[in-house]
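Here are the chains, one letter per residue:
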Amino acid sequence: MIRTLEQHLANWIKGELDLLVADSPLFPTVKVAAGSDSPQPGNGQVGVQVTALTLAPVAENRDLGPAPVTTDDWFRARAGLRLRFAGSGDPVEGDPPDLVVTPGTGEFHRVDLVALAVLARLRQRPVPGPDGAEGGAIGPAGSAEAVAGTRRTKLTWQDIQVGEATVAEQGNSRAWEIPATALITFRLSPRPLEGGRILSVAIERDGQETVVVEAGEGGDG
């Protein structure tokens, strides 16, 4: 499920940048990869790689006493991530024709622009609801769920925070590495049996034997 977090975040970054590409020739096409896979960007493209590196458990708040006993097992942690952006080290010089780069102000690299744009958009933003109320949030938060047999698992992630970025050049390649963290919650819970729980079995004897079964609601079907 951690790989799902990596892939979701990589796809979210690509989706945000694809919107910018459609709006402006400033932004190059990106190739994304998750985990240990390396992106293979083409000429003029930027590669984006998202990798989960660590899990640091979040301490429980015991100020109000021990947590209540529930049917769910859960685990909260800060996932340590690495965002990597790599592209050509050659400066852009006003190509295509409608791309204007102000001369005399230094070199312009598209990989820099991609990394900075992602840093600017990598946050959750409230969505306006009716009468100005907040109707939820948009951003890189997400979840993944799996159900099989009598068990259900669910992983949610939110609160993406970025750390200090570093920039390096090697040969004709320029790369950004940005540490980030995400707050994750993993839950392991029983899956209700098909049809719900049996609440009662009544036997009526009125000339014949009748068995009445009342099933509880909430079955998965």
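Residues numbered from 1 in each chain as written. Predicted model: local features only at pLDDT ≥ 70, side-chain atom pairs only at ≥ 80, totals over all residues. Heavy atoms only, no water.

J.: Outline the overall build of the protein chain, listing residues and values.
T.: Summing up its helical and strand segments, the protein chain has two helices and eleven strands in all. Relative to its full complement of 221 residues, the protein chain shows a buried share of 29%. Excluding contacts between residues fewer than 6 apart, the proportion of contacts in the protein chain whose partners are at least 24 apart in sequence is 57%. As displayed, the protein chain has an accessible area near 13,900 Å², and 51% of this comes from carbon and sulfur atoms. (Helix = DSSP H or I, 4+ residues; strand = E, 2+ residues; numbered from the N terminus. Buried < 20%, exposed > 50% of the residue type's maximum accessible area, 1.4 Å probe, protein only. Contact = heavy atoms within 4.5 Å. Areas by Shrake-Rupley, 256 points an atom, 1.4 Å probe, with all protein chains shown as cover.)

J.: An account of the layout of surface pockets is needed here, citing residue identities and associated values.
T.: Here the largest pocket is characterised by a volume of approximately 240 Å³. Taken together, 13 residues form the lining of the largest pocket, with Gly44, Ser88, Asp90, Val92 and Arg110 sitting closest to its centre. Counting only elements with at least two residues in the lining of the largest pocket, the list comes to strand S3 (73–88) and helix H2 (110–121). Looking at side-chain class alone, the lining of the largest pocket contains four nonpolar, five polar and four charged residues. (1 Å grid on protein atoms, 1.4 Å probe; cavity = no way out; pocket = protein on both sides within 12 Å on 5 of 7 lines; lining within 4 Å. Points joined across faces, edges and corners; volume = space filled by probe spheres on them. Nonpolar A, V, L, I, M, F, W, Y, C, P; charged D, E, K, R; others polar.)

J.: How would you sum up H2? Please name residues and give values.
T.: The terminal C-alpha atoms of H2 lie 17 Å apart, and with twelve residues this matches the ideal 16 Å at 1.5 Å per residue to within 8%. Looking only at H2, the buried set comprises Arg110, Val111, Asp112, Leu113, Val114, Ala115, Ala117 and Val118. Elements that come into contact with the buried residues of H2 comprise helix H1 (2–23), strand S1 (30–34), strand S2 (46–57), S3 and strand S9 (173–190). (Expected span 1.5 Å × (residues − 1).)

J.: Got a sec to walk through the nonpolar core? Specific residues and values, please.
T.: A general trend in soluble globular proteins is that nonpolar side chains are found buried together. Leu9, Ile13, Leu17, Leu83, Phe85 and Ile184 are the most contacted members of the largest nonpolar core, which has 33 residues in total. Elements with a minimum of two residues in this core: H1, S2, S3, H2, strand S7 (151–162) and S9. For this core, the leading source of residues is H1, giving seven residues. In this structure, Ile184 is in contact with Ile2, Leu5, Leu55, Phe75, Arg76, Ala77, Ala79, Leu155, Thr156 and Trp157, ignoring residues within four places of it in sequence. (Core = buried A, V, L, I, M, F, W, Y, C linked by side-chain atoms within 4.5 Å.)

J.: Account for unusual backbone geometry, naming residues and giving values.
T.: In terms of backbone geometry, most residues other than glycine have negative phi values and most peptide bonds are trans. You will see that Asp159, though not glycine, has its phi angle at about 50°, which is positive. By relative accessible area, which is 30% here, Asp159 ends up partly exposed.

J.: Can you break down the environment of Ser24 residue by residue, with the values?
T.: Considering the arrangement of structural elements, one finds Ser24 in the loop between H1 and S1. For the pair formed by Ser24 and Asp98, sequence separation is 74 residues and the distance between their alpha carbons is 9.4 Å.

Everything listed here is a matter of coordinates, which is why it stays silent on function.
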